[in-house]
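Coordinate inspection notes
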Amino acid sequence: MASYHKPDEKTLQGLKDMANKLRIHSIKATCASNSGHPTSCCSAAEIMSVLFFNTMKYKTTDPRNANNDRFIMSKGHAAPILYAAWAEAGYVKEADLLNLRKIDCELEGHPTPKLAFVDVATGSLGQGLGAACGMAYTGKHFDKASYRVYCLLGDGESSEGAVWEAMAFASHYQLDNLVAIFDVNRLGQSEAAPLKHDMEVYRKRCEAFGWNTYVVDGHDVEELCKALWQAQQVKDKPTAIVTKTFKGKGIQGVEDQDNWHGKPIPKDKVDAILADLQGQIQTNKLLCPEQPVEDSPKVDISSMCMPCPPAYKIGEKMATRRAYGIALAKLGEASDRVVVLDGDTKNSTFSDLFKKAHPDRFIECFIAEQNMVSVAMGCAARDRTVAFASTFAAFLSRAYDHVRMGAISQSNVNLCGSHCGVSIGEDGPSQMALEDLAMFRAIPTCTVFYPSDAVSTEKAVELSANTKGICFIRTSRPETAVIYSPEEKFEVGQAKVVRQSDSDKVTVIGAGVTLHEALTAADELAKEGINIRVIDPFTIKPLDADTIITSARATGGRIITVEDHYREGGLGEAVCGAVAEEPTILVQRLAVSHVPQSGKPTELLHMFGISAKSIVSAVKSTFAN
């Protein structure tokens, strides 16, 4: 094992001085904006100094270089000291620090990937370590590269369960290229953090989760240098460095005091404080980060194409959830950068078909959906992989904040939720996704796919791989007939008119199982001489408003939407929004009206008025009126 060489005294003093420079920048920036978190920055000053100017290897002029070490500021409110570090590294202009939080400045209150040195947005606490896990997993198993991943967490956010989901994940997969640094500055936002400065409890918790753990003085640059060097020598375990720090360190009258969270230093005190910090700086030693090892492979994830067309015949029965798994396995043949994550539901989402075909690119995240989404974001960062993550759609609701932060992160992550709606049957309401369309429609970067057969499911997977932003694919449990030929072309935001005539009386819009109920209803009505137009929207967001409006005008302005989802926020409301400026169009919505119960799928579809029989009645009623 290599032996540790303590940095020389000039270097150590230079790191101490750098810490105070970072404090000065943070205080000045937050004073200029009259908002921010200078005390949270100051507790981390030595940590940031040692990380950025002694430990991490990166190109200061190219922050997103594939070979660079990665850093995630999970305690995102300490953003000013991150900006300060990049200013001292020469990438950010020092003058720009004084524009912190201003409308025309990309140095926002919390970090976002508008900045090249930010991989994922943070600020909703507890999420950074999960993304770091994804980056570390990618570095170790997919890139097989030398870069390391560092994540700085606050002690307050360590109350979040997502932190411990990530801790369990990292140790299970022996991510020895990952270091989590806990800034234990004792004070939270409104009162002290629960463990205060009980460093032994932090140590025991980290060790209990399988991490190599060091407890150090977070304001001692030499201790930090040594611990971070030791972390590099450890194999088969991630390292946690638990640092005892003081909030507001170095700020006279503020250090370790309550009620200073998120408050800039008062203007009548700032000059004396800055003068004191400036007076502690003893050198002008230039600290230059070491260059990274250039061993990350070049990656191209553009233009992902299936190796062959769908292998389904019209009329063949296939659940869209199974078609999703088959599509994943096919896409994995096309590119070795397709990776799949699952939440211990792979035999139900059918992502196990990908695992069987490409076991080295499958990540089992177990029953920890929040962490699964964050790990997927980390895998996708810097366009290193095309990541698909799957579970029951109902369980993605607990990860909703992570999805929301994924959108702020400009992340390209593909999520698949199976077992949607009452059509899953006997398992009952806890397993039924009935809110998921509303959830994902509200995400600003999200494309929402709702395929209705095996062919459209395969096309949805291929399109998702090539679509920027969050993608959500909603799959169903029941087997349904294939209605499209393998040659059918699909596009995001383009609906399919699957049944039409010159004498259609009503436009019926369904998706997933309700599209098939609508087609059955169309057959029943045709026997009575009543023709209806049936539309498959394919994507709920963006919705093909032109096709819907054109069809509605051709059918007397009458639309019926039918969905296996609650009324709020689903297909019906999306259609209502699309036709809102069309005063001659009337929309009737059939949807799940209240919390359902166990039962057979056909019984539940009928109970909630979304079966073929219910559509027939609604059409007759609408036409009669």
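None of these values were measured; they are calculated from a predicted model. (Residues numbered from 1 in each chain as written. Predicted model: local features only at pLDDT ≥ 70, side-chain atom pairs only at ≥ 80, totals over all residues. Heavy atoms only, no water.)

Regarding the overall build of the protein chain
How we decide: By definition, any uninterrupted DSSP run of H or I lasting at least four residues is a helix, any uninterrupted run of E lasting at least two residues is a strand, and each is numbered from the N terminus. Both definitions apply: the radius of gyration is a C-alpha atom measure, and the globule rule equals 2.2 Å times residues to the power 0.38. Accessibility here uses a 1.4 Å probe with only protein chains present; expressed as a share of the type maximum, an area under 20% marks a residue as buried, one over 50% as exposed, and anything in between as partly exposed. We call two residues contacting when some pair of their heavy atoms lies within 4.5 Å. Under the convention used here, a 1.4 Å probe and the Shrake-Rupley method define accessible areas, while residue burial counts only the protein chains that appear. Here the positive residues are Lys and Arg and the negative ones are Asp and Glu; neither His nor the chain ends is included. By convention, charge coordinates are those of NZ in Lys, CZ in Arg, CG in Asp, or CD in Glu.
When you go through the protein chain residue by residue, the secondary structure sums to 21 helices and 19 strands. Since a compact globule built from 625 residues should have a radius of gyration of about 25 Å, the 28 Å found for the protein chain is in line with a globular shape. Viewed in the frame of its principal axes, the protein chain has a C-alpha envelope of about 90 × 55 × 40 Å. In the protein chain, which comprises 625 residues, the share counted as buried stands at 62%. Of all intrachain contacts in the protein chain linking residues separated by at least 6 positions in sequence, the fraction that spans at least 24 positions is 79%. Of the roughly 23700 Å² of accessible surface on the protein chain, a fraction of 48% belongs to carbon and sulfur atoms. Averaged over its 67 positive side-chain charges, the protein chain has a centre that lies 1 Å from the centre of its 77 negative ones.

Observations regarding the pattern of salt bridges
The line we're drawing: Salt bridge, as applied in this entry: a Lys or Arg side-chain nitrogen positioned within 4 Å of an Asp or Glu carboxyl oxygen.
Under the counting rule described, the total for this entry stands at 27 salt bridges. Put simply, Lys6 and Glu9 hold a salt bridge, and the shortest N to O gap is 3.6 Å. The structure contains a network of salt bridges with shared partners spanning Asp143, Arg337 and Arg384.

Concerning helix α17 (residues 513-527)
Test applied: Helix span is expected to be 1.5 Å times the residue number reduced by one.
Between its first and last C-alpha, α17 extends 22 Å over 15 residues, near the 21 Å set by a 1.5 Å rise per residue. For α17, the full list of buried residues reads Val513, Thr514, Leu515, His516, Glu517, Ala518, Leu519, Ala521, Ala522 and Leu525. Gly529 sits one or two residues past α17 and shows a positive phi near 80°.

Comments concerning the state of the cysteines
Working definition: the covalent bond between the sulfur atoms of two cysteines is a disulfide. Selection rule: In this description, a disulfide is simply a cysteine sulfur pair whose atoms lie within 2.5 Å.
If you walk through the whole model with that rule in mind, you get zero disulfides. You can see Cys206 has no disulfide; the closest cysteine sulfur is in Cys151, sitting 12 Å from it.

Side note on the nonpolar core
Within soluble globular proteins, side chains that are nonpolar tend to cluster in buried spots. Put simply, the rule is: Only buried residues count toward a nonpolar core. Its members are Ala, Val, Leu, Ile, Met, Phe, Trp, Tyr and Cys residues joined through side-chain atoms within 4.5 Å.
Counting residues in hydrophobic clusters, the biggest one holds 83 residues, and the most contacted among them are Leu129, Leu178, Phe182 and Leu415. For this core, the element with the most residues is helix α5 (residues 128-142), which contributes eight residues. Residue contacts for Leu129: discarding those within four places in its chain leaves Ser74, Cys151, Leu153, Val163, Ala166, Met167, Leu178, Ala180 and Trp211. Membership of the second largest hydrophobic core comes to 52 residues, among which are Met73, Leu107, Phe117 and Val179.

Examining the UniProt feature "domain: Transketolase-like pyrimidine-binding" (unreviewed entry) in the protein chain
Put simply, the test is: UniProt positions are given in the numbering used here, feature names are shortened, and annotations may be inferred rather than shown by experiment.
Under the UniProt annotation, the feature "domain: Transketolase-like pyrimidine-binding" (unreviewed entry) is placed at residues 318-482. Between the C-alpha atoms that bound residues 318-482 the distance is 7 Å, and the span itself is 39% helix and 20% strand.

Examining the packing of helix α3 (residues 45-55) against helix α4 (residues 79-88)
Convention followed: Structural elements are reduced to axes, namely lines fitted to C-alpha atoms, with helices fitted over the stretch in contact, and the angle between N-to-C directions of any two is expressed from 0 to 180 degrees. For any pair of crossing helices, the crossing counts as left-handed if the nearer helix is rotated counterclockwise from the farther one by less than a right angle, and right-handed if it is rotated clockwise.
α4 packs onto α3 with a crossing angle of 40° between their chain directions and a minimal axis gap of 10 Å. Between α3 and α4 lies a crossing of right-handed hand. Between α3 and α4, the residues in contact are Ala45, Met48, Phe52 and Phe53 and Ile81, Leu82, Ala85, Trp86 and Glu88, respectively.

Notes on the side chain of Thr122
In plain terms, the rule: Think of a polar contact as two N or O atoms within 3.5 Å of one another; within protein, one of them needs to be a possible hydrogen donor and the other a possible acceptor, and neighboring residues in sequence only count if both atoms come from side chains.
Note on placement: Thr122 falls in the loop between α4 and α5. Taking the relative accessible area as the measure of exposure, Thr122 reaches 8% and is therefore buried. A polar side-chain atom of Thr122 sits 2.7 Å from the main-chain carbonyl oxygen of Met73. Those residues in contact with Thr122 that sit more than four places away from it in its chain are Ile72, Met73, Ser74, Gly76, His110, Pro111, Gly128 and Met405.

What about the sheet that holds strand β5 (residues 239-244)?
As a reminder of what qualifies: Here, strands pair whenever DSSP counts at least two bridges between them.
Spatially, five strands are ordered β1-β2-β3-β5-β4 in an open sheet, and the strand pairing comes out parallel. Among the strands making up the open sheet, the edge pair consists of β1 (70-73) and β4 (212-217). Within the sheet, the average angular offset between the axes of one strand and its neighbour, ignoring direction, is 20°. Relative to strand β3 (residues 178-184), strand β2 (residues 149-154) runs parallel, the two being bridged by six bridges. Residue Cys151 lies in a different strand from β3, and its bridge partner there is Ala180. In the packing of α5 onto the sheet, contacts are made with β1, β2 and β3, and the angle to β2 comes to roughly 170°. Strand contacts of helix α7 (residues 199-208): β3, β4 and β5, with the helix running at about 170° to β5, the strand carrying the most contacts.

Some thoughts on the sheet that holds strand β12 (residues 471-474)
An order of β8-β7-β9-β10-β12-β11-β17 is seen for the seven strands of this open sheet, with the pairing classed as mixed. Looking at the sheet topology across the chains shown, the edges are occupied by β8 (362-364) and β17 (539-541). Here the strands of the sheet are splayed against their neighbours by 20° on average, with no regard to which way each runs. With four bridges connecting them, strand β10 (residues 413-418) and β12 associate as parallel partners. Residue Leu415 lies in a different strand from β12, and its bridge partner there is Phe472.

Description of the packing of aromatic side chains
Rules: Two rings from Phe, Tyr or Trp (for Trp, the six-membered ring) form a pair when their centres sit within 6.5 Å of each other. Planes less than 30 degrees apart are called stacked, planes more than 60 degrees apart edge-to-face, and all others tilted.
A full pass over the atoms with the stated rule returns 19 aromatic pairs. Both rings, one in Tyr137 and one in Phe169, keep their centres 6.2 Å apart while their planes meet at 45°; by these two values the pair is tilted. Linking Tyr137 in helix α5 with Phe169 in helix α6 (residues 161-172), this pair joins segments that are 32 residues apart in sequence. Per residue, the accessibility class of Tyr137 equals that of Phe169, and both read buried. Three or more aromatic residues joined by ring pairs form one cluster here, namely Phe52, Tyr58, Phe71, Tyr83, Trp86, Tyr91 and Phe117.

Some details on unusual backbone geometry
With omega at -5°, the peptide bond leading from Lys541 into Pro542 counts as cis. Inspection of the secondary structure assignment puts Pro542 in the loop between β17 and α18 (545-554). Despite not being glycine, Arg382 shows a phi value in the positive range, around 60°. Within the secondary structure layout, Arg382 lies in the loop between α13 (369-380) and β9 (386-392). Residue Arg382 is classed as buried on the basis of its relative accessible area of 16%.

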